[in-house]
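Inside the fold
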Amino acid sequence: MKRYDRSHFFAFGVLQAVNVLGLLLYGLDIATRGFAGGKAPLPALIGLAGFCLLMAMAAAVKRGRDLGWAAWMTVVAFWVSFGLGPVLLGLIGYLAFAKSKPAGDEFGPPAEPANVGTWVWALANLAWPWVVLAVLAKLL
């Protein structure tokens, strides 16, 4: 498993976590105000948010490796902080701004610098859950 530097983690971890927050807030809006297009796609929305959360966790593990953390330690920290609500945002903020540690070298070479392809892929990862949700809303 590769290591992520700050820019890669921002692209694939921070933005994905914000996307999960947006999906869940949209689900809250649907649940409280209703859905104008027929049946509300809430189960699909929750499934998409869960999958995106797993993608953010994978990015956190890769960033944790850059900081010298073992994968199991990052996973435990991620899910414990997720269970504590806003603490997850603190963990993601720490991972986003912490400097790489020399202990991360035991997990492989540092990540290559982020390029345009990295950011295009990150934006595609942000867009596809909303596209799937829009398609499912039309089908239901």
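Remember, it's a predicted structure, so these values are computed and weren't measured experimentally.

The terminal C-alpha atoms of helix H3 (residues 71-83) lie 18 Å apart, and with 13 residues this matches the ideal 18 Å at 1.5 Å per residue to within 8%. Among the residues of H3, those classed as buried are Thr74, Phe78 and Ser81. Take H3 and look down its axis: the buried residues cluster within an arc of 75°, on one side only. Turned more than 90 degrees off the buried face of H3, the exposed positions are Trp72 and Gly83.

Before going further, it helps to spend a moment on the nonpolar core. Counting residues in hydrophobic clusters, the biggest one holds 29 residues, and the most contacted among them are Phe9, Phe12, Phe78, Ile92 and Leu95. If you list the elements that add at least two residues to this core, you get helix H1 (6-33), helix H2 (42-66), helix H4 (87-97) and helix H5 (116-139). Looking at which element gives the most residues to this core, the answer is H2, with nine residues. Excluding its chain neighbours within four sequence positions, the residues that come into contact with Phe12 are Tyr4, Met55, Ala56, Ala59, Thr118, Trp121, Ala122 and Asn125.

So, on to the side chain of Asp66. Summarising the element assignment, Asp66 is placed in helix H2. The class for Asp66 is buried, based on a relative accessible area of 3%. In this structure the side chain of Asp66 is engaged in a polar contact, spanning 2.6 Å, whose partner is the side chain of Arg3. At a separation of 2.4 Å, a polar atom in the side chain of Asp66 contacts the side chain of Ser100.

Attention now moves to the confidence of the model for the protein. Here the protein averages 87 in pLDDT, while 92% of its residues score no lower than 70. Of all helices and strands in the protein, the one with the weakest mean pLDDT is H1 (90), whereas H3 scores best (93).

A side chain with one charge can pair with a side chain of the opposite charge if their charged atoms come near. In this structure the tally under the stated criterion is three salt bridges. Notably, a salt bridge pairs Arg3 with Asp66, separated by 2.6 Å at the nearest N-O pair. One end of the pair, Arg3, is in the segment before H1; the other, Asp66, is in helix H2, with 63 residues separating them in the sequence. A single burial state applies to Arg3 and to Asp66, both of which are buried. Between Asp29 and Arg33 there is a salt bridge, and its shortest N-O distance comes to 2.8 Å.

Analysis parameters
- Residues numbered from 1 in each chain as written.
- Predicted model: local features only at pLDDT ≥ 70, side-chain atom pairs only at ≥ 80, totals over all residues.
- Heavy atoms only, no water.
- Helix = DSSP H or I, 4+ residues; strand = E, 2+ residues; numbered from the N terminus.
- Expected span 1.5 Å × (residues − 1).
- Buried < 20%, exposed > 50% of the residue type's maximum accessible area, 1.4 Å probe, protein only.
- Arc of directions from axis to C-beta.
- Core = buried A, V, L, I, M, F, W, Y, C linked by side-chain atoms within 4.5 Å.
- Contact = heavy atoms within 4.5 Å.
- Polar contact = N/O pair within 3.5 Å; in protein donor to acceptor, adjacent residues only side chain to side chain.
- pLDDT = per-residue confidence, 0-100.
- Salt bridge = Lys/Arg side-chain N within 4 Å of Asp/Glu carboxyl O.

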